[in-house]
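Residue-level structural notes
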Amino acid sequence: MAEASPLYETYARAPLRFERGDGVWLITEDGERYLDFAAGVAVNSLGHGHPHLVEALKAQADKLWHMSNLYQAPGQEKLAKRLIDNTFADRVFFTNSGAEALECAIKTARRYHYAKGHPDKYHIITFEGAFHGRTIATIAAGGQQKYIDGFGPKAPGFDQIPFEDMDALKAAITDQTAGILLEPVQGEGGLRSFSTEFLRAVRTLCDEKGLLLLLDEVQCGIGRTGKLFAHERAGITPDIMAIAKGIGGGFPLGACLATEEAASGMVAGTHGSTYGGNPLAMACGNAVLDVVLSEGFLQHVNDIALVLRQGLASLKDRYPDVIEDIRGEGLMIGIKMKVPAADFIQALRAERMLSVMAGDNVVRLLPPLTTTAEEARLGLQKLEQAAEQLKAARG
Ligand SMILES: *Cc1c(COP(=O)(O)O)cnc(C)c1O
């Protein structure tokens, strides 16, 4: 790049300038078409330019954009009701992002114990490999040193233990513990799933010890894993859950869901948001649910996931020096690489296909949930070409 960028240099941006999107495709200013299996990091759940979403946003734009949370919010009530009808939750708070949804989840858990007369119970236990956002509290929750360094003292009250280590979990619980926070499938951390047995054991432990179970389904929620929410696989429910990404379909939207009991400390004046739950976001959230909750939609996600997973399993067998393992659930797929993940992502980009890096040398595939079988097979062809290139390059 010859010219200095006017932007913060916090991102290593790929040299691609996209102008518009169409379903699973992103189209550059030069008219080149890229198969988008990154989907804005699991945000574009219905792909780009989905007619129902576009229509909902346009219709709302003609009526009302914003009026603050000082007045009744019919759009919020409608979306909250639908989320409640389809989950464990009794109460919902709307935010603009995932990190804000986590902030609300953390505050809800702390306030619950405070209201019960235990202000010292504010510690939350998290797991290595976690990612919960970029705010001062959520970088402490995520526990990754590279995000914490240089931003002053780490926010207190977050205790991190090794992934799926039940002994460490039991040992970490003290009189100050408020709850346990985890992503049922770790996204940024490298597409690691907590086992069904472990999730059930954590739920039991929370019940025994009077702790709250907080789930971060910002990335794995809203149909991404083939269930509406990833924790459903384990037959458990949390007390509090943060969601975002897929629920807005591209419009900034997050939410914190809680049971009546868990939300009992969040009384008038304890929390708020200027933009959270604005009518434009609610129109988009409701439109996304129209599609995701429609008959057969989750079956479609599972069908497409099967096509991709079978293809990837065969690819792994044919390129054992390139691919080590296939991870994840549903359309939240991780390819654990034997070559540097960055090289594979670049090779895919040369084939005009987009993917996302994750920790632990994993390449993430997060195609729109609306991806067709034909588009999935096209993706598999491009993955094969990239694997072939890297194999050839390694001699
Ligand atoms: C993306 C993500 C977040 C943070 O969401 P933002 O909207 O970037 O604040 C939190 N948790 C998980 C699991 C995520 O994937």
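Residues numbered from 1 in each chain as written. Predicted model: local features only at pLDDT ≥ 70, side-chain atom pairs only at ≥ 80, totals over all residues. Heavy atoms only, no water.

The test is simple: UniProt positions are given in the numbering used here, feature names are shortened, and annotations may be inferred rather than shown by experiment.
As recorded by an unreviewed UniProt entry, the protein carries the name Acetylornithine aminotransferase and is attributed to Rhizobium alvei. In its Subunit (unreviewed entry) section, UniProt records this for the protein: "Homodimer."

**Remarks on the sheet that holds strand β9 (residues 240–243)**
Defined as follows: Note on pairing: DSSP must find at least two bridges between two strands before they are called paired. Secondary structure counts use DSSP, requiring at least four H or I residues in a row for a helix and at least two E residues in a row for a strand, with both numbered from the N terminus. Axis lines are fitted through C-alpha atoms, for helices just across the contact stretch, and the angle between N-to-C directions can take any value from 0 to 180 degrees. Contact criterion: two residues are considered in contact whenever any of their non-hydrogen atoms come within 4.5 Å of each other.
Spatial ordering of the open sheet is given by β4-β10-β9-β8-β7-β5-β6, a layout of 7 strands whose pairing is mixed. The open sheet has two edge strands, β4 (91–95) and β6 (158–161), and neither has a second partner. Ignoring strand direction, the axes of neighbouring strands in this sheet form an average angle of 20°. Relative to strand β7 (residues 177–182), strand β5 (residues 123–127) runs parallel, the two sharing 3 bridges. Pairing of Ile 125 across the sheet is with Ile 180, part of β7. Contacts between helix α3 (residues 74–85) and the sheet are confined to β4, β9 and β10 (254–258), with β4 contributing the most and set at about 125° to the helix.

**Examining the UniProt feature "binding site: N(2)-acetyl-L-ornithine" (unreviewed entry) in the protein**
For clarity, the threshold we go by: Only protein chains enter the accessibility calculation, which uses a 1.4 Å probe; a residue whose area is less than 20% of its type maximum is buried, one above 50% is exposed, and one in between is partly exposed.
Cross-referencing UniProt, the feature "binding site: N(2)-acetyl-L-ornithine" (unreviewed entry) maps to Arg 134 and Ser 273 in the present numbering. Those residues in contact with Arg 134 that sit more than four places away from it in its chain are Ala 99, Ile 139 and Tyr 147. Mapping Ser 273 onto the fold places it in the loop between β10 and α9 (279–292). The exposure class assigned to Ser 273 is buried, which follows from its relative accessible area of 19%. Ignoring any residue separated from it by four or fewer positions in sequence, one finds Ser 273 in contact with Asn 69, Phe 93, Phe 94, Asn 96 and Glu 100.

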